[in-house]
Amino acid sequence: MLALLKAGDEVLVADHVYRPTRVFCDRMLTRFGVGVRYYPQSASAEEVLALAGERTRMIVLEVAPAP
């Protein structure tokens, strides 16, 4: 992520993402001026794309384990 994102960029992250990834986003990316927004696991592809804005440079997806 650090190789692709810079200050002023934004990343959309699934809210159920692996905890260390979430901690990295919340602590490291924000420290470097990267905006982080979380979207619900239940969001469809269209809903996630609708959240993307002019500054969005990355969308982080993660497969949830089967119940």
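Residues numbered from 1 in each chain as written. Predicted model: local features only at pLDDT ≥ 70, side-chain atom pairs only at ≥ 80, totals over all residues. Heavy atoms only, no water.

Points about the sheet that holds strand β2 (residues 35-39)
Taken in spatial order, the 3 strands of this open sheet run β2-β1-β3, and their pairing is parallel. For this open sheet the edge positions go to β2 and β3 (56-60), each flanked by a neighbour on one side alone. Mean inter-strand twist for the sheet, computed between neighbouring axes without regard to direction, equals 20°. Inspection of the sheet shows strand β1 (residues 10-14) paired to β3 by 4 bridges, in the parallel sense. Residue pairing for β3: Val-11 is matched across the bridge by Met-58. Against the sheet, helix α1 (residues 19-31) contacts β1 and β2, and its axis sits at roughly 155° relative to β2. (Pairing = 2+ DSSP bridges. Helix = DSSP H or I, 4+ residues; strand = E, 2+ residues; numbered from the N terminus. Axes fitted to C-alpha atoms, helices over the stretch in contact; angles between N-to-C directions. Contact = heavy atoms within 4.5 Å.)

Details of the side chain of Asp-9
Relative to the elements of secondary structure, Asp-9 occurs in the segment before β1. Among the polar contacts made by the side chain of Asp-9, one reaches the main-chain amide nitrogen of Lys-6 at a distance of 3.0 Å. Setting aside residues up to four positions removed in sequence, Asp-9 forms contacts with Leu-4, Gly-33, Val-34, Gly-35, Arg-55 and Arg-57. (Polar contact = N/O pair within 3.5 Å; in protein donor to acceptor, adjacent residues only side chain to side chain.)

Examining the side chain of Thr-56
Looking at the secondary structure, you find Thr-56 in strand β3. Take Thr-56: its relative accessible area is 15%, and that puts it in the buried class. Of the polar contacts made by the side chain of Thr-56, one reaches the side chain of Glu-10; its length is 2.7 Å. If we skip the residues at most four places from it in the chain, Thr-56 touches Glu-10, Leu-12 and Leu-51. (Buried < 20%, exposed > 50% of the residue type's maximum accessible area, 1.4 Å probe, protein only.)

Things to note about α1
Here α1 contains 13 residues, and its C-alpha end-to-end distance of 18 Å stays within 8% of the 18 Å for a straight helix at 1.5 Å per residue. Two residues or fewer after α1 comes Gly-33, characterised by a positive phi angle close to 85°. (Expected span 1.5 Å × (residues − 1).)

With respect to the pattern of salt bridges
In total, this model carries 3 salt bridges according to the counting rule given. Asp-9 is paired through a salt bridge with Arg-57; the nearest N and O atoms lie 3.6 Å apart. On the criterion of sequence distance, the pair formed by Asp-9 in the segment before β1 and Arg-57 in strand β3 is long-range, its members being 48 residues apart. Since its relative accessible area comes to 4%, Asp-9 is described here as buried. Note that Glu-10 and Arg-37 form a salt bridge whose closest N and O atoms lie 2.8 Å from each other. With Glu-10 in strand β1 and Arg-37 in strand β2, this residue pair connects regions lying 27 residues apart in the sequence. Through salt bridges with shared partners, a single ionic network connects Lys-6, Asp-9 and Arg-57. (Salt bridge = Lys/Arg side-chain N within 4 Å of Asp/Glu carboxyl O.)

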